[in-house]
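In case you want the letters, here they are:
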Amino acid sequence: MHINQIFFENIRNHRQTKISFEPSLNIFFGPNGSGKTSILEAISIGTFSKSFVTKFDQNIVRNSTDYYALEISVERENHTPATIYVNYTIGKPKVIREENGQALTSQSLIGRFPTVILAPDMRGIIFGSPSFRREFVDRIIAQTDKVYLNKLYEFRRILKQRNKLLLEISKGNYVGFDLLHIWTQKLIETSVFIIKTRGNFVIKFAPIFEKCFTELTNSNEFASFFYSPFNNNEINAELLQANYSDEIINLHLRSEFEKNAKRELERGQTLFGPHRDDFTILLNNSTASCVASQGQSKSILVALKYAEINYLKNSKQTKPVVLLDDIFSELDLNRVNQVLNILNNLNLQLFITLTEIDLIKPILINFETYSLFKVENGIVSKLDLFHKSKV
Amino acid sequence: MKFSSKTIEEMIDILSTLPTIGRKSAQRLTLFLLRQPEEFIQKFSETLVKLKKDIKLCSLCFNFTETDPCPICSSPERNKELICVVEQPDDVLAIEKTNQYKGVYHVLHGAINHLDGISVSKLKISELLQRAKTAKEIIFALNPSVEGEVTIHYIVSLLKNYPIKLTRIARGLPIGIEIQYADDATLLNAIENRTEIK
C-alpha cells in the first residue's frame with residue numbers, strides 16, 4: 001500500500017497542510033521545531049489511530065485552538081483507494097471515519113494500513129525498560145492479529161479493576177476475596193492468551209531478526225531475540241519447548257499468583273503478568289544492553305525495524321509504509337545509505353525527516369524518483385528534484 | 001457569553017448536566033422553554049415532579065414502575081420461573097421490543113465495577129438470590145464487557161448450590177452481517193460458541 005495524500009489542520013504548528021506523496025521516497029527537511037515530525041505524527045494518527053510521540057491527543061492540537069482534523073488517502077495493494085478521516089476536539093473522544101461515513105474504532109483501524117516507525121527515542125528497545133520492548137512487540141502483533149489487540153485491551157481493563165479491588169481490600173474498605181478470586185481467574189485466562197500469542201510471535205520473529213542482523217552487518221557477529229515472560233530461565237525454556245501450550249502457561253501463572261497472593265494484598269497491586277513481561281535481545285550470546293557499542297546498538301535497532309517490516313509484509317500480504325524520523329540523529333551516512341537501498345529494493349513507500357538536506361545529497365543520486373519537501377514554521381513546500389536539474 | 005438573567009443561567013446549568021446535552025444545546029432548550037405558553041410549562045414541571053414522586057422500583061424485579069409489582073411482574077401471562085438478569089432498565093425495554101420473551105426480569109442496576117465504585121452491595125444481587133429460590137432458569141443478559149463477565153461469574157458462584165438452570169445469551173454475528181464483513185473478534189467468538197445442528 002502507499003499513501004497518496006494527506007490533509008491536516010491544527011496539528012502541532014501546522015495550520016493547514018496538504019501534501020501529495022511519491023509512492024517511493026519522501027524527504028522532509030527543515031530546522032528543529034519546523035514541523036517535520038508532525039507530518040509523520042499525522043500519518044501515524046491516520047494509519048494507526050495514534051501518534052508515536054505522545055499518548056495524549058491534546059498535546060498535538062495547535063496552540064490556541066481546540067481541535068485537530070486530518071484526512072488521509074491511501075491506495076491499497078490491489079489499487080483500491082481508501083480514505084480515513086480523524087477528528088479530535090479537546091475533551092471529547094477522537095472520531096475516526098471511513099469514506100462512507102462509517103465510524104471506526106481505533107481497534108478496527110489498527111492493522112488496516114500497516115506502518116513501521118523508527119524514531120530517535122527507540123533505542124529504548126535495547127537499553128530502556130521492558131515497556132519499550134513490550135510496546136515494540138505489541139505494536140507488530142496488534143497490526144496482524146485483531147483478536148490479540150482485543151484481548152490486550154481486555155487484559156488492561158481487568159488489570160485496572162483487579163488493582164482497584166486489591167487496593168480497597170488492602171485499605172480494609174472491602175472484603176471481597178470471592179470476587180478477587182474471580183478477577184484473578186479472568187486475569188489468568190486473558191494472560192494465557194497474551195503470553196501464548198507473544199511466545200508464538202517470537203518463534204516466528206526471532207529467525208527473521210537474526211537474518212536481518214546478519215544481512216546488515218556482514219560480519220560474524222550474531223544477534224538473537226527471546227521472550228522472557230517469567231523471571232526464571234528454566235520456566236521460559238520449558239514454555240518455548242512446549243510451544244507455549246495453554247496448560248503449561250496456566251500452571252506457571254497460577255503458581256506465581258499463589259506465591260504473590262499475600263504481597264499483592266499488602267501492596268494493593270497485581271505483581272505478576274503480561275504487563276511485566278520482558279524480551280531479551282542478545283548480541284553474541286550476551287545481553288545486548290550490557291555489551292553493545294554505539295554502532296552495534298544502531299545495527300540491532302535497524303535490524304529490529306527491518307525484521308518488523310519483513311514480518312508485516314509476510315503476514316499481511318500488503319507492504320507497510322515506513323516512517324524514519326530524524327534518521328541522521330541515529331544513523332551515519334553509510335547506514336542511512338544501506339537502509340534506504342534495502343527499503344527501496346523492497347519497493348516500500350518511505351517518509352524521512354532530517355535537518356540538513358546536504359546530509360543526504362550524496363546518496364540521493366542512486367534514487368530514480370523521490371519528492372523533496374522543505375518544512376518551515378509548519379509550512380510545507382515541495383522542491384524540484386535537484387539532481388535532475390544538475391544533469 | 002453570559003445571559004443577564006440569573007434564572008436563565010441556572011436553567012442552562014441544570015440542563016447541561018443532562019447526558020448528551022452540552023452547553024449550547026442547553027441554551028437552545030432554555031430559550032425554547034421561555035417561548036412556550038404557560039400551560040406547557042405547567043404540564044412540563046408537573047410531569048417532572050411526578051416522575052420522581054410516582055415512579056419507584058418494582059419490589060420484585062427493580063425495574064422502574066408506577067405500580068408495585070410492575071405490570072410485567074404482575075402479568076398472569078408471564079412465566080415467573082424464568083428470570084432474565086439485565087444491567088439497566090433500558091435493557092428490559094430492548095428485550096421487550098422483541099415481543100418474544102415471556103419470562104420476567106431482574107434489573108441489577110449496573111455491573112461490578114471497582115473503578116466506578118460499584119461494589120456488590122450496590123447491585124440488586126442479594127435480591128436476585130431470594131428470587132432464585134423459586135425459579136427454574138436464570139438467563140444472564142449482561143453486557144459483553146469484562147465487568148459484565150465478572151458479575152455473571154460472581155452471581156453464578158453464589159448460585160452454584162441452587163437446583164436451577166443457568167444460561168447466558170449467545171455472543172455472535174449480528175443479523176444481516178455477512179461473514180466476510182464481521183470483525184475478527186466477533187467471528188472468533190461465534191466460532192468458539194458455535195451450536196450443534198439438530
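To keep things clear, this report deals only with the structure shown in the data block. Keep in mind that what you see is a predicted model, and the values were worked out from it rather than measured. (Residues numbered from 1 in each chain as written. Chains lettered and ligands numbered in written order. Predicted model: local features only at pLDDT ≥ 70, side-chain atom pairs only at ≥ 80, totals over all residues. Heavy atoms only, no water.)

**Looking at the interface of chain B and chain A**
Listed per partner, the contact involves 16 residues of chain B and 16 residues of chain A. Buried area between chain B and chain A, both sides added, is near 1,600 Å², and the carbon and sulfur share of it is 73%. By the criterion of area lost to chain A, the three top residues of chain B are B:His114, B:Leu115 and B:Val146, representing 40% of everything that side buries. Our enumeration of links across chain B and chain A arrives at 2 salt bridges. Across the pair A:Lys186 and B:Glu149 runs a salt bridge, and its minimum N-O distance is 3.6 Å. Linking chain B to chain A there are 7 residue pairs in polar contact (both at pLDDT 80 or more). Those elements that place two or more of their residues in the side of chain B that touches chain A are helix 7 (146-158) and helix 8 (184-192) of chain B. Residue composition of the side of chain B that touches chain A, grouped by class: 8 nonpolar, 5 polar and 3 charged. (Contact = heavy atoms within 4.5 Å. Buried area = accessible area lost by both parts, 1.4 Å probe. Salt bridge = Lys/Arg side-chain N within 4 Å of Asp/Glu carboxyl O. Polar contact = N/O pair within 3.5 Å; in protein donor to acceptor, adjacent residues only side chain to side chain. Helix = DSSP H or I, 4+ residues; strand = E, 2+ residues; numbered from the N terminus. Nonpolar A, V, L, I, M, F, W, Y, C, P; charged D, E, K, R; others polar.)

**A closer look at a nonpolar patch on the surface**
Residues and elements named next belong to chain B. A contiguous nonpolar surface patch, about 630 Å² in accessible area, is contributed by Phe 32, Phe 40, Ile 41, Phe 44, Leu 48, Val 49 and Leu 51. No other element matches the 6 residues that helix 3 (residues 38-54) contributes to the nonpolar patch. Mapped onto the elements, Ile 41 comes out in helix 3. Judged by relative accessible area, which is 31%, Ile 41 ranks as partly exposed. (Patch = residues over 30% accessible without salt bridge, like charges linked within 9 Å, V, L, I, M, F, W, Y side chains within 5 Å. Areas by Shrake-Rupley, 256 points an atom, 1.4 Å probe, with all protein chains shown as cover. Buried < 20%, exposed > 50% of the residue type's maximum accessible area, 1.4 Å probe, protein only.)

**Some points on the pattern of salt bridges**
Tallied over the full model, the rule gives 24 salt bridges over all chains. The residue A:Glu168 makes a salt bridge to A:Lys164 at a minimum N-O spacing of 3.8 Å. Of the two residues, A:Glu168 and A:Lys164 both sit in helix 5 (residues 146-170), 4 residues apart, roughly one turn of that helix. Residue A:Glu168 is classed as buried on the basis of its relative accessible area, which comes to 19%. The network of salt bridges with common partners includes A:Lys186, A:Glu189, B:Glu149, B:Arg168 and B:Arg171.

**Re the packing of helix 7 (residues 233-241) of chain A against helix 8 (residues 246-267) of chain A**
Residue and element names in this part refer to chain A. Two elements in contact, helix 7 and helix 8, have axes separated by 9 Å at closest approach and are oriented at 160°. It follows that helix 7 is roughly antiparallel to helix 8 by the angle criterion. The interaxial crossing formed by helix 7 with helix 8 has left-handed handedness. Mapping the contact onto sequence places Ile 235, Glu 238 and Leu 239 in helix 7 and Ile 248, Ile 249 and His 252 in helix 8. (Axes fitted to C-alpha atoms, helices over the stretch in contact; angles between N-to-C directions. Parallel < 35°, antiparallel > 145°, perpendicular 65-115°, else oblique. Left-handed = near helix turned anticlockwise from the far one by under 90°.)

**Notes on the sheet that holds strand 2 (residues 14-20) of chain A**
Residues and elements named next belong to chain A. Pairing in this open sheet of 6 strands is antiparallel, and the strands run 2-1-4-5-6-7 from one edge to the other. Where the open sheet ends on each side, the last strands, each with one partner, are strand 2 and strand 7 (103-104). The sheet contacts of helix 1 (residues 36-48) involve strand 1 (2-11), strand 2, strand 4 (67-75) and strand 5 (81-89), and relative to strand 1 the element is tilted by about 110°. (Pairing = 2+ DSSP bridges.)

**Regarding empty space enclosed by the protein**
Residues and elements named next belong to chain A. As enumerated under the stated definition, the model contains 1 cavity of 30 Å³ or more in all. Looking at the largest cavity, its volume works out to about 110 Å³. Listing elements by their share of the lining of the largest cavity, those giving two or more residues are strand 8 (115-118), helix 10 (294-316), strand 12 (321-324) and helix 12 (333-345). Element by element, the count of residues in the lining of the largest cavity is highest for helix 10, at 4 residues. (1 Å grid on protein atoms, 1.4 Å probe; cavity = no way out; pocket = protein on both sides within 12 Å on 5 of 7 lines; lining within 4 Å. Points joined across faces, edges and corners; volume = space filled by probe spheres on them.)

**Examining the packing of aromatic side chains**
Residues and elements named next belong to chain A. One pass over the full model with this rule turns up 20 aromatic pairs over all chains. Both rings, one in Phe 21 and one in Phe 28, keep their centres 6.3 Å apart while their planes meet at 90°; by these two values the pair is edge-to-face. Through a chain of ring-to-ring contacts, the aromatic side chains of Phe 136, Phe 201, Phe 205, Phe 209, Phe 225, Tyr 227, Tyr 244, Phe 279 and Tyr 311 assemble into a single cluster. The positively charged end of Arg 139 is found above the aromatic ring belonging to Phe 48, 3.9 Å away from the centroid. (Phe/Tyr/Trp six-rings, centres within 6.5 Å; stacked < 30°, edge-to-face > 60°. Lys NZ or Arg CZ within 6 Å of the ring centre and 35° of its normal.)

**Brief notes about the pairing of strand 10 (residues 278-283) of chain A**
Two faces belong to every sheet, and in a regular strand the side chains alternate between them. Residues and elements named next belong to chain A. Where strand 9 (residues 223-228) and strand 10 come together, 6 bridges link them in antiparallel fashion. Residue pairing in the sheet places Ala 223 in a bridge with Leu 283 of strand 10. Note: strand 10 against strand 11 (residues 286-287), 2 bridges, orientation antiparallel. Residue pairing across strands places Leu 282 opposite Thr 287, the latter belonging to strand 11.

**Examining the nonpolar core**
Residues and elements named next belong to chain A. Core analysis: the largest hydrophobic core is formed by 158 residues, its most contacted members being Phe 205, Phe 209, Phe 225 and Ile 300. By residue number, the principal contributor to this core is helix 6 (residues 177-217), which donates 18 residues. Among all residues touching Phe 205, those that are not within four sequence positions of it are Phe 136, Ile 140, Phe 225, Leu 304, Ala 307, Glu 308 and Tyr 311. (Core = buried A, V, L, I, M, F, W, Y, C linked by side-chain atoms within 4.5 Å.)

**A closer look at the side chain of A:Gln143**
Relative to the helices and strands, A:Gln143 is located in helix 4 (residues 130-144). Overall, the relative accessible area of 1% leaves A:Gln143 in the buried class.

**Structural notes on unusual backbone geometry**
For the bond running from B:Asp68 to B:Pro69, omega is -5°, close enough to zero to count as cis. Turning to its location among the elements, B:Pro69 is positioned in the loop between strand 2 (64-65) and helix 4 (71-74). Even without being a glycine, A:His79 presents a positive backbone phi close to 70°. One non-glycine residue, B:Asn99, lies in the positive phi region at around 60°. Structurally, B:Asn99 can be placed in the loop between helix 5 (89-96) and strand 4 (103-107). Judged by its relative accessible area of 58%, B:Asn99 falls in the exposed class.

**Concerning the packing of helix 10 of chain A against helix 12 of chain A**
Residue and element names in this part refer to chain A. Where helix 10 contacts helix 12, the two axes come as close as 12 Å, and the packing angle between them is 10°. When the axes of helix 10 and helix 12 are compared, the pair comes out roughly parallel. Counted together, Gly 295, Lys 298, Ser 299, Val 302, Tyr 306 and Ile 309 of helix 10 and Arg 335, Val 339, Ile 342 and Leu 343 of helix 12 form the full contact between these two elements. Grouping the constituent residues of the contact of helix 10 with helix 12 by class yields 6 nonpolar, 2 polar and 2 charged.

**A closer look at the pairing of strand 3 (residues 25-29) of chain A**
All names here are of chain A. Taking burial as the measure, the 5 residues of strand 3 include 5 buried ones, the bulk of the element. Burial along strand 3 is two-sided: the face carrying Leu 25, Ile 27 and Phe 29 and the face carrying Asn 26 and Phe 28 are both buried. Alignment of strand 3 against strand 13 (residues 350-354), held across 5 bridges, turns out to be parallel. Counterpart to Phe 29 in the pairing with strand 13 is Leu 354. Relative to strand 14 (residues 370-376), strand 3 runs parallel, the two being bridged by 5 bridges. Its bridge partner being in strand 14, Ile 27 is matched across the sheet by Leu 372.

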